[in-house]
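# Structural overview for review
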Amino acid sequence: MKLYVVSDGPPSLAVRMAIKALNIPCEEVNVDYIASEHMSDDYEKMNPQKEIPVLDDNGFYLSESIAILQYLCDKYRPESALYPNDPVKRAIVNQRLCFNMGFYYNYISQYTMAPIFFDYPRNEHGQKKVYIALKAFETYLQRNETKYVAANELTIADLPLVTSTMCLEAINFRFDDYPLIVKWYANFKAENPKLWEICAAGMKEIEEFNKNPPDLSHMNHPIHPIRKNK
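Numbering of residues starts from 1 in every chain and runs along the sequence as written. In view of the model being predicted, local features appear only for residues whose pLDDT reaches at least 70, and side-chain atom pairs are presented and counted only at 80 or more, with totals across whole chains, interfaces and linings using the full set of residues. Hydrogens are left out, water is left out, and the side-chain values use all remaining heavy atoms of the structure.

A cis amide bond links Ile52 with the next residue in sequence, Pro53, at an omega value of 15°. A run of H or I in DSSP counts as a helix once it spans at least four residues, and a run of E counts as a strand once it spans at least two, with each numbered from the N terminus. The topology assignment puts Pro53 in the loop between α2 (41-46) and β3 (54-57). Notably, Lys50 is not glycine yet its phi reads approximately 60°, a positive angle. At Asn172, a residue that is not glycine, the phi angle is positive and equals roughly 60°. By the element assignment, Asn172 lies in the loop between α7 (158-170) and α8 (179-191). In this structure Asn172 comes out as exposed when scored by relative accessible area, which is 65%. To sort residues, take the accessible area from a 1.4 Å probe on protein chains only and compare it with the maximum for the residue type: under 20% means buried, over 50% means exposed, and anything in between is partly exposed.

Pasting the structure below:
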């Protein structure tokens with residue numbers, strides 16, 4: 001089994017943490033984003049969306065990090081508490097995963113990651129959307145009253161929410177006004193040091209890119225506006 005990843009990509013980091021937590025043998029293949037390897041014809045054969053990560057399980061190609069997280073648990077560790085079998089508990093996990101993909105990381109990445117790599121501004125409007133995302137997340141934690149985001153034990157729902165929150169830390173975006181998020185985030189780091197080690201390595205790269213954005217003027221991206229090289 002192979003996992004095609006980008007070393008600082010939050011979705012890739014979430015899947016890498018899951019593989020570590022599930023103790024699944026897997027070869028990691030680094031995709032050079034700066035060199036546009038994800039835009040190649042060969043990569044498109046694995047993922048027509050040309051996004052990262054992609055799982056290759058003996059010729060079965062699966063993209064979308066949420067789908068990969070669920071697949072790994074279902075196929076290789078079906079009894080793992082990381083993805084509970086109880087319908088209600090699983091529904092909460094699935095909801096948190098969808099919340100992160102469509103709302104939380106969506107708003108955070110627009111403000112943190114997009115301006116690093118492409119010609120997007122960081123402005124008050126983007127900041128407002130981050131605060132909306134944080135408020136919603138804080139409310140879920142308050143209502144659930146559990147140690148982690150979906151249960152009193154770690155689940156796969158925590159992993160992408162951690163990597164999203166890490167993006168805020170990487171650019172020194174303060175979220176102290178959301179004490180339950182602060183507590184959950186600190187608890188994850190303290191109780192899962194080997195998983196956090198994976199995430200922290202990606203955060204260091206994002207921190208450096210935030211200080212010195214990469215030159216992607218050579219990239220012909222079909223969606224994102226390319227920042228002109230000065």
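Below, the discussion takes up the packing of α7 against helix α9 (residues 193-211). Axis lines are fitted through C-alpha atoms, for helices just across the contact stretch, and the angle between N-to-C directions can take any value from 0 to 180 degrees. Where α7 contacts α9, the axes come no closer than 9 Å and their chain directions differ by 35°. The handedness of the crossing between α7 and α9 comes out as right-handed. Of α9, the residues touching α7 (which contributes Leu159, Val162, Thr163, Met166, Cys167, Glu169 and Ala170) are Leu195, Trp196, Cys199, Met203, Ile206 and Glu207. Residues were grouped as follows: Ala, Val, Leu, Ile, Met, Phe, Trp, Tyr, Cys and Pro as nonpolar; Asp, Glu, Lys and Arg as charged; and all remaining residues, including Gly, as polar. Of the residues belonging to the contact of α7 with α9, the class tally is 10 nonpolar, one polar and two charged. Note on convention: the crossing is left-handed when the near helix lies turned anticlockwise from the far helix by less than a right angle, right-handed when the turn is clockwise. Two residues form a contact once any of their heavy atoms are found within 4.5 Å.

In this sheet, strand β4 (residues 60-63) lies alongside β3 in antiparallel orientation, the contact comprising four bridges. Looking across to β4, one finds that Asp57 is bridged to Phe60. A pair of strands is considered paired only if DSSP assigns at least 2 bridges between the two. A loop of two residues connects β3 with β4, the two strands running antiparallel in sequence, and Asn58 in this loop sits at a positive phi of about 55°.

Criterion for a salt bridge: a side-chain nitrogen of Lys or Arg within 4 Å of a carboxyl oxygen of Asp or Glu. Per the counting criterion, the structure on display carries nine salt bridges. Glu169 is the salt-bridge partner of Lys189, the closest N and O atoms lying 3.0 Å from each other. Residue Lys189 is found in helix α8, and its partner Glu169 is found in helix α7; the two are separated by 20 residues along the sequence. Here Lys211 makes a salt bridge to Glu208, at a shortest N to O gap of 3.9 Å. Highlighted residues: Lys211 and Glu208, both in helix α9, separated by three residues, approximately one helical turn. Residue classification places Glu208 among the partly exposed positions, given a relative accessible area of 43%.

In short, shape yes, function no, at least from these values alone.
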